[in-house]
Each structure stands twice: as C-alpha cells, then as structure tokens.
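Chain by chain, the residues:
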Amino acid sequence: MKKIGDLLFVWLGGLVIVCLAAIFQSSPGYMDAEYYFTGGKLIWQGNAFREPFLWNYLSDPKSLPAPAFTYWMPLASVIAWLGMTLGNDVNFQIARVPFLILSSFISPLTYALSWQISRKRFTALFAALMAWLPMYYLAYLTTTDTFAIYMILGSVWFVLADKIPELSKGRCFLGGIISGLMHLARADGLFWMLMFFAKLIIDGITKRRQQEKDLALEAVILFLIGYLVVMGGWYGRNWMEFQSLFPPGNQRALFIRTYNDLFRYPPAELNFTYFLKDGLAPLIHDRLFAIGQNIQTLIAVQTEILLFPLFLLGYWKKRSKPIVRMGSVAWLVMFSLMSVVFPFAGWRGGYFHVAAAFQPLVWCLASEGLGVFVNWGVRKRDWKATQALQVFSVFILFFLLILTVYIYWVRVFGNNPSRPIWEESQQRQAQICHALREVITGEEIREEAIMINNPIGFYLACDQMAVSVPVGGERAIQMVAQQFGVRFLVLESDHPPELAYYFSAPQNTSLLTLIDNQPEWKIYRIHEIP
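This one's a predicted model, so the numbers in the text were calculated from it and none came from an experiment.

*Asks:* So what about the packing of aromatic side chains? Which residues, and what values?
*Replies:* Per the counting criterion, the structure on display carries 55 aromatic pairs. Residues Phe49 and Phe69 carry aromatic rings whose centres are separated by 6.0 Å and whose planes lie at 70° to one another, so their mutual orientation is edge-to-face. Here the residue Phe49 occupies a position in the loop between helix H2 (31-44) and strand E1 (50-51), and Phe69 occupies one in the loop between strand E3 (66-67) and helix H3 (75-87), the gap between them amounting to 20 residues. We classify Phe49 as partly exposed; its relative accessible area is 30%. Classification of Phe69 by relative accessible area gives buried; the value is 2%. In textbook terms, an aromatic cluster arises when at least three aromatic residues are bridged by ring pairs, as seen for Tyr35, Tyr36, Phe49, Phe53, Trp55, Phe69, Tyr71, Trp72, Trp234, Tyr259, Phe263 and Tyr459. Between the NZ or CZ atom of Arg348 and the centre of the ring of Tyr259, over which it lies, the distance is 3.8 Å. The cationic tip of Arg348 hangs over the ring face of Trp347; the distance from NZ or CZ to the ring centre is 5.8 Å.

*Asks:* Tell me about the state of the cysteines, and name the residues and values.
*Replies:* Taken as a whole, this structure holds one disulfide when the rule is applied. Across the disulfide from Cys433 sits Cys462; the S-S distance is 1.9 Å. Residues Cys433 and Cys462 are joined through a disulfide that is right-handed, its torsion about the S-S bond being 60°. One end of the pair, Cys433, is in helix H20 (residues 424-439); the other, Cys462, is in helix H22 (residues 455-462), and 29 residues separate them in sequence. In this structure, Cys433 and Cys462 share a single accessibility class: buried.

*Asks:* Please provide a residue-by-residue account of the pattern of salt bridges, values included.
*Replies:* When the charged atoms of two side chains lie near each other, side chains of opposite charge can form a pair. Following the criterion strictly, the structure yields eleven salt bridges and no others. Glu269 serves as the salt-bridge partner of Arg264, at 3.7 Å between the closest nitrogen and oxygen. On the basis of relative accessibility, which here comes to 16%, the residue Arg264 falls in the buried class. By relative accessible area, Glu269 is classed as partly exposed at 26%. Its salt-bridge partner being Lys317, residue Glu368 comes within 3.0 Å of it at the nearest N-O pair. Of this pair, Glu368 sits in helix H18 (residues 359-381) while Lys317 sits in helix H15 (residues 308-317), and the two are 51 residues apart along the sequence. Residue classification places Glu368 among the buried positions, given a relative accessible area of 2%. By sharing partners, the salt bridges in this structure join Asp261, Arg264, Glu269 and Arg475 into a single network.

What counts and what doesn't
Residues numbered from 1 in each chain as written. Predicted model: local features only at pLDDT ≥ 70, side-chain atom pairs only at ≥ 80, totals over all residues. Heavy atoms only, no water. Phe/Tyr/Trp six-rings, centres within 6.5 Å; stacked < 30°, edge-to-face > 60°. Helix = DSSP H or I, 4+ residues; strand = E, 2+ residues; numbered from the N terminus. Buried < 20%, exposed > 50% of the residue type's maximum accessible area, 1.4 Å probe, protein only. Lys NZ or Arg CZ within 6 Å of the ring centre and 35° of its normal. Disulfide = S-S within 2.5 Å. Salt bridge = Lys/Arg side-chain N within 4 Å of Asp/Glu carboxyl O.

In structure tokens:
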C-alpha cells in the first residue's frame, strides 16, 4: 500500500508542477516545437504528411507542399493531433494537454525504475522527487516536443531491457512496441531498436549455450513484429513516397561540415568530396568541440551539477546490474552518434533531446549515490543514517528547486517578464507577416511563398507557404525561388554569412529589390532572371 501511495503522490505532484509551468507559455516557443504543433494541426485539418513549408533541403523536395517528416519524425505531431481531436480545437493549449499528461508520469516511472534497481523505498521516492525538478527540461516538458515522450519511453525501455535474460515473449513483443515508438518519435530511435535487438540475440545465444536450448527465435520474431506494428506503416509511407525505407536526405546529413549546411541548396553538393574539402583537421576539431559541449550537457543538464558526484557513486555501486550496463552501452552509442556522426546537430540540441531518455536513470543512480555517500559518513564520521539522509535530501531538493525556477524563468521570461522571451518567436513572425501585408498586395501574398529564416513559425503565424533562406548566396536564392515559386525574401539578424551585406547595408541587385527596411528585418522582392 505504501508503494501505491508513493506512486499516486509523485504523480499528482508532477502533474501540478507541469501544469503550473504551462500557465506561462501560450505558444510552442521555438522551431522544433512549432514544427510538431504545426504537423498536428495539418493532420487535424486533413493535410496529413504534406507540409506547406520547407525548413531544410536535404531530401531535395521538388515543390510545395512537400512530403512531411523527412528529417524529424511524426510521433509528437500525432500526439498533438490527438489533443486537438479530443479537444475539438487546434489551439496550442489544447494540443499540448497530452504532453502535460505524459510529463506527469515521469516521476512515477522514475520511482518504478529506481525500485527495480535498488528495492529501497527511500531511494525510489527521492529519485521520483528529483524528477519533479528537472532544471533545464522543465520549460520543454510543457510544449509540443519529444522530451516527455523520450523520458517515458526511455524508462520503460530500460525496464524491459533489464528483463531480456528471461526471454519472456510478452516482454519481447512490448520491447518491440517501445523501440518502435522511440523510432517514431526521433530518427535516432532506430538505434534503440538495434540495441534491444542485439541484446536479445546475445542473451538468447548465451542462454542456449548454458542450458543447451534452442535460441528463442519466437521471442526475436515477436520483438520484430512489435516494432513493425508501430513502424511498418511509416516504412510503407516512405516506400510509396520515396521508393526507399528512409527519406533520401538522411545520408546527406553525414556530409555536413557546418551547421548551416543543413540549409545548403542544391543539397546534391553535400557529398563525400565536399565533406573532405578542407581536410581532416577541421573535421576532427569540430568533433572534439562537440564532445566537449556534450560533456558539459551531461554535467550541467543531465546530472544537474550537484548530482554529478552522487551519480558517479551510484553508477559505480550498481555498475554490475544489467540495467546499468545496458544504460552505459546505450549512452555510449548515443553520445558517439551526437558527437562524432552528427556533431553539429548534436551539440546544438540533438544530444539534449536524446539525453531525455536517460534522465530517469540518472536520477535513480544519483539517489543511489546519496545512500553510498551517507553510508560512508556513517562509517567514517559516525553520522546517523536516517538523519543524514533527511538533511542531505532536503538540501538537494531545495538546491534543485532554486535552479529549476531560475532556469525556467530565464528560458520563459528572460530579462523582461512583461515581454516573455518564450513568446518572441511567434510574435516576431506575426510582425513580419503584418509588414509583408503592408508592402505586398493581397493577391501576391496569397499566391507566393516567402523565403524566411523560420518558415515553420511564419506559416504558423501567417498561414502562408514558406521556405528557409538557403545557404549558397544569390545563386542558391535564385534556384530556390525558381524551384518553389518564391518571390519575396525576408532577411533577419540570423542569416547565412554570405548574405550579411544585404542585411547590414541593404542594396538592390539584378535579383533582389529592397521593399521594406526595418532594423529587425529587410524584405526583398526576388526577380526572375532568365
């Protein structure tokens, strides 16, 4: 009964906290969340899996609307659509209700995960209470993004992976479902499926050698069936759309030399020759930089600074447990993926997203580490165990509360609470939309697509087709304009370096004519050049 009471308590507390945090956010807040919210809105409107905007060109689309979810995966949009469907409204506040509900279950799942590792009520409860105060993650758990999804699925994935040696057929099927959902949530979810599959095969072979039994082929098949129950339809869509299981732009992301290459046009320029253009030295430097940045994320975000030494103590104590060993392997795979294979996307947010899957496990091991620390004090300093646990746990929770509130304030309100920084994205796009309608005739703005830094946010604010400002100078602008029927370019302070002169010293050329000159943006008309 105490365990049920604990679970109910931490669930209600988590629900209250995320609902309070959500009060001060009236829009998705940034491009990723805008993308998933807009995707859900398009599904609700009957325009599923076609996008009237392009935020990158990796898949080499030919026209607008373009195939959807060629870079990011659709699960978060499907969940947003579910909220809209249940609420019968496309309002953001309605769309994110399922995300708030999912976030409320992070603490109970952390409790369950910690119980599986430690079998101690205090350790499990303290881990769950720390999950109430996720510091950097709080502002993002309340919007339409994959953070809550990955924390929930990651917790269940680790619990199931811990049970693989038993080769339970039901658990293998559920493992396939969870791995499929992780892949449907994020492209790196494919690696979670591969790791579960590999663990299943290795443990099956080991069991066969020890017990002289046949490999549990049925369990492996059930795992794959579970995975395909979730992902089979998506692979079918990709095959019908692209004649391949994966969108065509996926391999081009391997040859990116700078983050801005995500927006390079034409995308065919991203190849192995381009990748090695400046030799190996800058490639090595970029990956070492990404490793350093991601290690900082590990310490500051995942272990919330104060928990880092406790996490290490807990990890060392439980290092032999299968669930911790599996966590170590999964972390090394994901850290390498986001530091070496995709370093630019990795350190600019990719690893932050991926790390959400490990966060409940981090809290569990930090809670375990507190017990190790207190036991040391009991042996070496004659501490009273119960009193020490209470004092240190209260101090840690108070420290996390202060930092969580502070970071939430910085992320949502910024320096001016009367003009929250969280709302700046949608407010800026609405202002640009109004400016365009002031200088462009109604007929033109209805028919033409707009080239802008944040085409997703612009479409959301203006209901107008849009494409991203391409990297490649005037030549790229001309090619994109001709390909997608774009006639207007909006340059903001965040623009490709080769276009800096057009923002700092606006001028007319044979391709571009300035029609609106504001400190925050410049609007150009794009001319057709034979």
